[in-house]
Amino acid sequence: GKVDHECEVLVLGAGPGGYSAAFRSADLGKSTILVERYAKLGGVCLNVGCIPSKALLHTTSVMDEVKTMSKHGISYGAPKIEIDQLRGYKDSVIAKLTGGLAGMAKARKVSVVRGLGRFLDANHVEVELTQGDGQDLAGKKEVVRFQRAIIAAGSQPVKLPFLPEDPRIVDSTGALLLKSIPKRMLVIGGGIIGLEMATVYSGLGSRIDIAEMMDGLMAGADRDLEKVWEKFNAGRFENIMLKTRATKAEVKADGIQVSFEGENAPSEPQIYDLVLVAVGRTPNGKKIDASAAGVMVDERGFISVDNQMRTNVNTIFAIGDIVGQPMLAHKAVHEGHVAAEVAAGEKSYFDAKQIPSVAYTDPEVAWAGLTEDQCKAQGIAYEKGLFPWAASGRAIANGRDEGFTKLIFDATSKRIIGGGIVGTHAGDLIGEVCLAIEMGADAVDIGKTIHPHPTLGESVGLAAEAALGHCTDLP
Ligand code: FAD
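Because the structure is a prediction, the values reported are computed rather than measured. (Residues numbered from 1 in each chain as written. Predicted model: local features only at pLDDT ≥ 70, side-chain atom pairs only at ≥ 80, totals over all residues.)

Concerning the overall build of the protein
Here is the rule we go by: To qualify as a helix, a DSSP run of H or I must reach at least 4 residues; to qualify as a strand, a run of E must reach at least 2; elements of each kind are numbered from the N terminus. This radius of gyration counts C-alpha atoms alone. The globule rule is 2.2 Å times how many residues there are, raised to the power 0.38. To sort residues by burial, count the other C-beta atoms lying within 10 Å of each one's C-beta; a count of 20 or more means buried, 12 or fewer means exposed, and anything in between means partly exposed. C-beta atoms are built from the backbone.
The secondary structure content of the protein amounts to 13 helices and 21 strands. Against the globule reference of 23 Å for 475 residues, the protein gives a C-alpha radius of gyration of 24 Å, in line with a compact fold. With the C-alpha coordinates of the protein rotated into their principal frame, the extents come out at 70 × 65 × 40 Å. Expressed as a percentage of the 475 residues in the protein, the buried residues total 46%.

This is the structure we're talking about:
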């Protein structure tokens, strides 16, 4: 058949995994084509994920902090929210970053073919070209021939089949559109994404209920970290319903009426102006005709890979959300680099000792490496050091001393194997713990590292000192 484009490396999908792979591939001298359906590069993370959510979270965290200033003798009036302008700010953040990516692609001579790609065989992808922002197919098809391919087609929100179609029932993408500020909102799913959006909307003044099927929020985090978040937020949310599932929703004149079942279900159905469904994400593996290339996709849509990001087909790689948990941008980026390097003939491996997770809630909750729960489940003997922020001068000066920093050490090797932080900026602070784990540091290494005083980061050194049984009182 006819071939419109040829390259050494084709990357399918321009999210964090895909653009990182394409840029690395081009830097290694390979002719590279990036196939992306939407007009803007950056995938879920830049357009409808990590970045827009943080633009909004920053805004609402400043609003929240301003409210507490009356305790310091500084008062402001009630905020006046111009929602179009707030949305504009969020969109300008996205535009800056996605525009930057387009420039980087150009500078590296990575060609972008815009359209919906699917495999024809192990050396050809057919792209149905899209127009506008990528929602509309143009009907025209082009074929790309490649030597190696890297699949980075990502994931999308899981839908709940019993929910009707209605503009007031949204997923995270819909919630980030910020069409209006609902009076009453229901968040179905108490994971990171649901809680971040709940934080944003409650900051904007919505009354929020959260329904979570499991017996705890923020699955994956140690309970002691999550409990601090829960205590701090006890008054912030209307009703946090654990072990409770939404079972039915009906469109009524005055809102969406939702019925619940479970331990903490309200006896009556509740009416909401907005319902956010945040019950997980599903990989796009079944939508790209991978089988035409001989690539195996499991029944859920995941593609399995080895530690060089290779699928069962030697010349085809896969990275990011489509290869499995954790579905996080930083994991996708590192996998993308490995795939591009191996595709270019280098001996690289994905061999991370830790992949951090962060709930960008208020306070933030961050953890890396093994959690205490995992150590217990796996029978790993561990020691821990904990530094409460109630003893941190900086946390007290900030008026936010509810948090703590915890480090976990292997009882035999004494090396750090995990850590968790709850408190303001925990997501930024966890980076040091990540590095310590990768470097195989022990408590002496971390405790003897001079940290700047007074900072929140100091709490990492002091948690190590606590593990060594040293006094952690600050002057
Ligand atoms: P994606 O970002 O999903 O990109 C895949 C790309 O492939 C998309 O652009 C898609 O259009 C394109 N594509 C798919 N199929 C085709 C096809 N057939 N043809 C052409 N193009 C195709 N992660 C974090 O690390 N930190 C966070 O703070 C964070 N916050 C988040 C907040 C929200 C609300 C959400 C939803 C997610 C968040 N995530 C966060 C997760 C993060 O967005 C994902 O892990 C990350 O985007 C995955 O990258 P990826 O490259 O695998 O795929």
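Overview of the sheet that holds strand E14 (residues 274–277)
The strands making up a sheet associate through backbone hydrogen bonding, with each pair oriented either parallel or antiparallel. This is how it is decided: Pairing between strands is defined by DSSP: at least two bridges between the two strands are required. Contacts are defined on C-beta atoms placed from the backbone: any two residues whose C-beta positions lie within 7 Å are in contact. Here an axis means a line fitted to C-alpha atoms, over the contact stretch when the element is a helix, while the angle between two N-to-C directions is reported on a 0 to 180 degree scale.
An order of E7-E14-E8-E9-E10 is seen for the 5 strands of this open sheet, with the pairing classed as parallel. The two strands at the open ends of the sheet, each matched to only one other strand, are strand E7 (169–170) and strand E10 (239–241). Examined bridge by bridge, strand E9 (residues 207–211) and E10 share 3 bridges and lie parallel to one another. Bridging across to E10, Asp209 finds its partner in Asn239. Across the sheet, helix H6 (residues 192–203) lies against strand E8 (184–188), E9 and E14, angled at about 165° from E9, the strand it touches most.

Remarks on the sheet that holds strand E21 (residues 416–423)
What the 5 strands build is an open sheet, ordered E17-E18-E21-E20-E19; its pairing is antiparallel. Pairing within the sheet leaves two strands with one partner each, and these edge strands are strand E17 (357–359) and strand E19 (382–388). Shown here is a sheet whose adjacent strand axes are inclined to one another by a mean of 10°, direction ignored. Across 6 bridges, the pairing between strand E18 (residues 364–369) and E21 is antiparallel. For Gly369, the partnering residue across the bridge sits in E21 and is Gly418. Helix-sheet contacts for helix H11 (residues 426–439) involve E17, E18, strand E20 (404–410) and E21, and the interaxial angle to E18 is about 10°. On the sheet, helix H13 (residues 458–467) packs against E19 and E20 and is oriented at approximately 130° with respect to E19.

Observations regarding the pairing of E18
Where burial is concerned, most of E18 is hidden: 6 out of the 6 residues are buried. Taken together, the 3 bridges between E17 and E18 define a ladder with antiparallel strand orientation. If you follow Val358 over to E18, its bridge partner there is Ala366. In this antiparallel pair of consecutive strands, E17 and E18, the connection spans 4 residues.

Regarding the packing of helix H3 (residues 50–68) against H6
Each pair of packed helices can be summarised by the angle the axes make with each other and by the distance between the axes. Threshold: Should an angle fall under 35 degrees it is called roughly parallel, over 145 degrees roughly antiparallel, and 65 to 115 degrees roughly perpendicular, with every other angle called oblique. For any helix crossing, the convention is left-handed if the near helix is rotated counterclockwise from the far helix by under a right angle, and right-handed if that rotation is clockwise. Note on residue categories: nonpolar means Ala, Val, Leu, Ile, Met, Phe, Trp, Tyr, Cys or Pro, charged means Asp, Glu, Lys or Arg, and polar means any other residue, Gly included.
Closest axis-to-axis distance for the H3/H6 pair is 9 Å, and the angle between their directions is 45°. Considering the angle they form, H3 stands oblique to H6. The chirality of how H3 crosses H6 is left-handed. Facing Ser53, Leu56, Leu57, Thr60, Met63 and Asp64 of H3, the residues of H6 in contact are Glu196, Thr199, Val200 and Gly203. Grouping the constituent residues of the contact of H3 with H6 by class yields 4 nonpolar, 4 polar and 2 charged.

Things to note about the packing of H3 against helix H4 (residues 83–107)
Interaxial distance between H3 and H4 falls to 9 Å at its minimum, and their mutual angle equals 135°. With respect to H4, the axis of H3 lies oblique. Crossing of H3 over H4 shows right-handed handedness. Facing H3, whose interface residues are Ile51, Pro52, Ala55, Leu56 and Thr59, H4 presents Leu86, Tyr89, Lys90, Val93, Ile94 and Leu97. Looking at the contact of H3 with H4, its residues break down into 9 nonpolar, 1 polar and 1 charged.

Remarks on H3
Note the cut-off: The span you would expect from a helix comes to 1.5 Å times its residue count less one.
Spanning 19 residues, H3 covers 27 Å between terminal C-alpha atoms, matching the ideal 27 Å at 1.5 Å per step. Taken together, the buried positions of H3 are Ile51, Pro52, Ser53 and Leu56. Looking at the buried side of H3, the elements it contacts are helix H2 (43–48), H4, helix H5 (172–177) and H6.

With respect to the environment of Phe404
Position of Phe404 relative to the elements: it lies in strand E20. Since 23 C-beta atoms lie within 10 Å of it, Phe404 is described here as buried. Residues contacting Phe404, with those up to four places away along its chain left out, are Val228, Leu386, Phe387, Pro388, Trp389 and Val422.

What is shown is where atoms sit, not what they do.
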